[in-house]
Amino acid sequence: MDFEAVIGLETHVQLKTHSKMWCGCANSFGADPNTHVCPVCLGLPGVLPVANEEALRLTALTGLLLNGTISPFAKFDRKNYFYPDVPKNYQVTQYDKPSTSGGWVEFEFQGGLARVHITRAHLEEDVGKNFHFDRESGVDFNRAGVPLLEIVSEPDITSAEMACDYLNALKQILIYGGVSDCDMEKGMVRCDVNVSVRPKGEKKLGAKIEIKNMNSFSGVRRALEHEIPRQIAVLRSGGTLSQETRRWDDTVGVTESMRSKENAHDYRYFSEPDLMPFVPDAAWLESVRARVVELPLTRKRRFMKDYQLPAPDAETFVNDVPLGDYFEDVARQGVQPKALANWVINNLRARMTESNTRLEDLKFPPTGIPELIALVDAGTISSKIAQDVFRHMFESGESPAGIVESRQMGQVSDTSAIEQFCDEVIAANPKSAEDFRSGKAAALNFLKGQVMKASKGKANPALVGDLLASKLNS
Amino acid sequence: MLNQLTIAELSSKLNSGTVSSREAAQACLDQIERVDGRLNAFISHDPADLLAQADAADRFRQEQGGNQGRPLLGIPIAVKDVIAVRGHPLNCGSKILGSYVSPYDATVIEKLRSAGALLFGRVNMDEFAMGSSTENSAFGVSRNPWDLDRTPGGSSGGSAVAVAADECLAGLGSDTGGSVRQPAAFCGCVGLKPSYGRVSRYGLVAYASSLDQIGPLTKSVRDAALMLEVISGADSKDSTCVPREVPKFTEGLNGSIRGMRLGVPREYMVGGLDPQVADAVRAALSELEKQGAEITEISLPHTEYAVATYYIVATAEASANLARFDGIRYGLRVDGADPAELYSRTRGAGFGTEVKRRVILGTYVLSSGYYDAYYLRAQKVRTLIRKDFAEAFERVDAIVTPTTPTAAFRIGEKSDDPLQMYLSDIYTLSCNLAGICGVSVPCGFTTNPRLPIGLQLLGKPFGEETLLRIANAYEQATGWHAAKPELS
């Protein structure tokens, strides 16, 4: 019997805000323990939370980026559980009235398009971090109260690979929207996985196993690559699976049972009485809508369609948005897009990286590269010389025509001058000339190269070929 | 004696320059010295700090040539041990906070400071404001200055005692189900519970967040109005505090109450109500009628569910609010082999019986499988209770009731019977559930023993102006508030 996996992901993402969710403490990573804390995020007696507007906006924005809907009425709830890293021993989250619901993430998968539906994206607060020393433990509350978005997917995922691709697509969307930096190293993205297996064709879902404690996408992949065969093996050997929570051990590479359904937490959710429900008005919604950006996949497909670019070029412009925008601005001038893309990607980007220059600091105008392309097309300069012209243009901001003129870099198309070079080269290389005449066509290329060299690269290569051939054949 | 004055009286003496804040503060300290050994209103107080504040106030007045619009300049005010004052201990009447000192000021404290008040002392209370007698304090019971064998009520019992016994000019309390009004009634002072959202809760250690409000205990209605004026108003640190303009409550006080419609709920004047209390309330109604108010009977049909509703909503919220007292970051810690053991040992040792009872009750009503039957149901009934009041306030300007069914009860009388204790708050609980405002004013005494009786006035949400005007009219006509307990 064949089995299939059914996977849903809960992805926690730290929002890119200046301050924490309920107080003015900095939302920043890497400071000394307990230096970004105040009475509010430490849960001292008597404090109250005040919601961070920007976090609410970024949550709504995420809803829009994920094709979901923004709730006209959202509220916060208390999720009660005792743990040393939870300052109040309850986490403020959104339980039955989340800020956004529905939607999907679309991404390229196995040569086609895959769509994973989103159940909801809701806002909550991050908790502190426990540290264990030899004889004692400590808690760092710098992270406590950092706004955290939980994005819950439908169980639309069928493999470890698909889970990984979904996560990468999601991450790219969130970075795109400015919702989160999604820096994995800094723990900005964390996942819980729900996975069950069932015989192929079976409608009924198998026992849901939740896996916790994966702190990288590859951890998610490895956990699933371990867990799915484990569940299948249990069923194949006649065993049964029951709902439980398991922990991923990244070093050993196995999942191990944490708690069964019977021991599941009762979080005793109830509405957070310290916060008013959030009812966004039209102006607020408009301000969020104004921040919606084109999604990465849409952008890629548009670049491929509108500019006939190959996928790798389009991806470059998806990954480097300002560069892509620059490309688009210039392309609108009517220049051949592929040639432009080559210049932008191979020359402009390389020079910018080398010299640590930003697009807004470029010395030459957006007309520079089209002019350069036109000079090559017109045969005024060879594409090899064009590289040098570009370098000058990049450094000085001078126009390509001006550079070619002042440095006499123009291609020599004067027949008499080229004829002289040809004669000299034929005279100096009688063996090659003889080879050509006796039918070795390749010898012409050698002679052509010699002429180009003699002309310091300025001779029009097509003209050189023609002249050499006619001279040798005459 | 300066400590016996109202805020208004002391202010005018201070303003005329005949007395100093230092003298007033010293008078309070002397009175504490004289009587607090018997009353136990104060858990702690720092005389040197109070005198330093008084000297600073005197200097300010001298240098500025007046109070510069600081209406409470130089007035000693005692603070309930549930409100955070920077650099002062904060125990909430509990052992669990250990030697905790608050690193910040509550918003009301900031406001009172800006108004020039001298904030001093930690006054006694039922642990975490859970109780009606101060018997649940980890710092010993406070005693009623009218009869030392009786409780002063609670949970703001210490505040009421301190005010009634002239150990301060006014006190700050907190009212979740009657915790300002009931002790005010028992001790013969004025106690005001503002509308929910009128006063910032930032810095008030939460018992039941959707019910808690800070309120003043004072020697006159005018003083209550003045205190409310100072502590009210929007707060960027409390999202439940309503951004609306704060009226000048003291200015509207003296208006006539002629033609005002006062409702008497038929459900309140029934079984369990002490005949002497009922008589006092009837006499008060006659007085109000004499001044031109119209008395009508009204109905608050869901009254009988208020106690049950309150003890579900309040305890549910409390079970979460008190979860932070776990021995990890501050306060008492009793170590254990793992966090769970540390929690249960710390909380087992740190919390008193009533707090444990309410935390367990609150945990239960929120539990999976019971949530719908208890918590959800209680929320629905709460809405009905709120509606009862909304409908009543379409017909009347204020509601008049006894504050409590009886006068102060004996220490120990109800401490073994939580339900009897809970029933002593039946007239005050609904006000918090409905989010409206209420005030208790002295309206006479029982005979043999002579104990104060409180008259409760309930007003519309944010209707404190009307409420205080009625209360003031009554107080000025009767003068019950001026009576003082004999403390030889």
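As shown above, the structure is provided for reference.
Summarised in this report is the structure supplied together with it. (Residues numbered from 1 in each chain as written. Chains lettered and ligands numbered in written order. Predicted model: local features only at pLDDT ≥ 70, side-chain atom pairs only at ≥ 80, totals over all residues. Heavy atoms only, no water.)

## Here we look at the interface of chain A and chain B
(1) Moving on: Listed as interface residues are 29 residues of chain A and, on the opposing side, 38 residues of chain B.
(2) Moving on: A combined buried area of about 2,700 Å² lies between chain A and chain B, and 60% of that area is made up of carbon and sulfur atoms.
(3) Moving on: On inspection of chain A and its partner chain B, the count reaches 18 residue pairs in polar contact (both at pLDDT 80 or more).
(4) Moving on: Its residues assigned to classes, the side of chain A that touches chain B shows 20 nonpolar, four polar and five charged. (Contact = heavy atoms within 4.5 Å. Buried area = accessible area lost by both parts, 1.4 Å probe. Polar contact = N/O pair within 3.5 Å; in protein donor to acceptor, adjacent residues only side chain to side chain. Nonpolar A, V, L, I, M, F, W, Y, C, P; charged D, E, K, R; others polar.)

## Some points on the sheet that holds strand β2 (residues 76–80) of chain B
All names here are of chain B.
(1) Moving on: If you walk across this open sheet you meet the 11 strands as β1-β3-β2-β4-β6-β5-β10-β11-β9-β7-β8, and the pairing is mixed. Strand pairing shows two members of the sheet lacking a second neighbour, β1 (42–44) and β8 (294–298), which therefore form its edges. Between one strand and the next, the sheet's axes are offset by a mean angle of 35°, whatever the strand orientation.
(2) Moving on: Where strand β5 (residues 190–193) meets strand β10 (residues 437–445), three bridges bridge the pair, whose relative direction is antiparallel. Its bridge partner being in β10, L192 is matched across the sheet by V439.
(3) Moving on: With respect to the sheet, helix α15 (residues 464–478) is in contact with β5, β7 (261–265), β9 (398–402), β10 and β11 (452–459), its orientation differing from that of β10 by roughly 10°. (Pairing = 2+ DSSP bridges. Helix = DSSP H or I, 4+ residues; strand = E, 2+ residues; numbered from the N terminus. Axes fitted to C-alpha atoms, helices over the stretch in contact; angles between N-to-C directions.)

## As for the pairing of strand β13 (residues 244–249) of chain A
All names here are of chain A.
(1) Moving on: Note that strand β12 (residues 209–214) and β13 share four bridges and pair parallel. Bridging across to β13, K212 finds its partner in R247.
(2) Moving on: Of the strand pairs in this sheet, β13 and strand β14 (residues 254–260) are connected by six bridges, and their pairing is antiparallel. Bridge assignment links D249 to a residue of β14, and that residue is V254.

## Some words on helix α13 (residues 430–437) of chain A
Residue and element names in this part refer to chain A.
(1) Moving on: Among the residues of α13, S432, A433, D435 and F436 are the ones counted as buried. Each buried residue of α13 lies within a common arc of 160° when the element is viewed along its axis, so the set occupies one face. Exposed residues lying more than 90 degrees from the buried face of α13 are P430 and K431.
(2) Moving on: Its buried side turned inward, α13 meets α12 (415–428), α14 (442–454) and α15 (461–473).
(3) Moving on: Phi for G439, located one or two positions after α13, is positive at around 105°. (Buried < 20%, exposed > 50% of the residue type's maximum accessible area, 1.4 Å probe, protein only. Arc of directions from axis to C-beta.)

## A few points about the sheet that holds strand β3 (residues 77–80) of chain A
Residues and elements named next belong to chain A.
(1) Moving on: Spatially, the three strands line up as an open sheet ordered β4-β3-β15, and their pairing is antiparallel. The two strands at the open ends of the sheet, each matched to only one other strand, are β4 (90–93) and β15 (270–271).
(2) Moving on: Pairing analysis gives four bridges linking β3 to β4, with the strands arranged antiparallel. From the neighbouring strand, D77 faces β4, where its bridge partner is T93.

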